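# Descriptive structure summary
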Amino acid sequence: MDKNIKLQLSVLASIVILALSSCGGGTTASQSTPEQSDGVVRVIADDTQKFDQERYTASPGVVEIEYILDGFQAHNLLIEGFEEDLVLEVENGETATGSISLEPGRYILYCDIAGHREAGMEAQLLVE
Ligand SMILES: [Cu+2]
């Protein structure tokens, strides 16, 4: 992978981390970012067959997921045990969105294309 793409990825990842961490405090509601008030979970995938984070968080209820492909390889996103309810598919830099109703708990996000989950396309989704 060339350096520019890597740099872009790490910049993107840090933006997401910042966005998430800035609203992780809980009590400072007035500081919440648009992403958090939307309740949107943003998952970024790339051509290295990894998600941008190992853990995502969401609030219980209808959880909106935005699946962003920063690359070209086809990927999908499913939630273990809820494969019938949500499948997001992307390729060639697409973004797919979908929503699912989730109760508090810990869920597993993964890509079910052969070999991808094993390569690292698996992450936790903490709903609390
Ligand atoms: Cu994949």
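In case you missed it, the structure is sitting above this.
All of the points below concern the structure found in this document.

With that out of the way, let us pick up the sheet that holds strand β6 (residues 95-102). Sheet strands pair by backbone hydrogen bonding; their relative direction is either parallel or antiparallel. One open sheet holds the three strands; their spatial order is β1-β3-β6, and the pairing between them is mixed. Each having just a single partner strand, β1 (40-46) and β6 make up the two edges of the open sheet. Taking the axes of each pair of neighbouring strands and ignoring which way they run, one obtains an average angle of 25 degrees across the sheet. Judged from the eight bridges that link them, strand β3 (residues 61-70) and β6 form a sheet pairing that is antiparallel. Pairing of E66 across the sheet is with T97, part of β6.

As summarised here, the arrangement of the five strands in space is β2-β8-β7-β4-β5, forming an open sheet in which the pairing is mixed. Bordering the open sheet on either side are β2 (55-58) and β5 (88-90), each of which pairs with just one other strand. Averaged over all adjacent pairs, the angle separating strand axes in this sheet is 20 degrees, with direction ignored.

Relative to the helices and strands, G81 resides in the loop between β4 (75-79) and β5. The exposure class assigned to G81 is exposed, which follows from the 9 C-beta atoms found within 10 Å. For G81 and L109, which are 28 residues apart along the polypeptide, the C-alpha to C-alpha distance reads 9.8 Å.

Summarising the sheet, β4 and β5 pair through three bridges and their orientation is antiparallel. Bridging across to β5, H75 finds its partner in V90. In this sheet, strand β7 (residues 105-110) lies alongside β4 in antiparallel orientation, the contact comprising two bridges. Bridge pairing links L78 to Y110 in β7.

About the criteria used
Residues numbered from 1 in each chain as written. Predicted model: local features only at pLDDT ≥ 70, side-chain atom pairs only at ≥ 80, totals over all residues. Pairing = 2+ DSSP bridges. Helix = DSSP H or I, 4+ residues; strand = E, 2+ residues; numbered from the N terminus. Axes fitted to C-alpha atoms, helices over the stretch in contact; angles between N-to-C directions. Buried ≥ 20, exposed ≤ 12 C-beta atoms within 10 Å, placed from the backbone.

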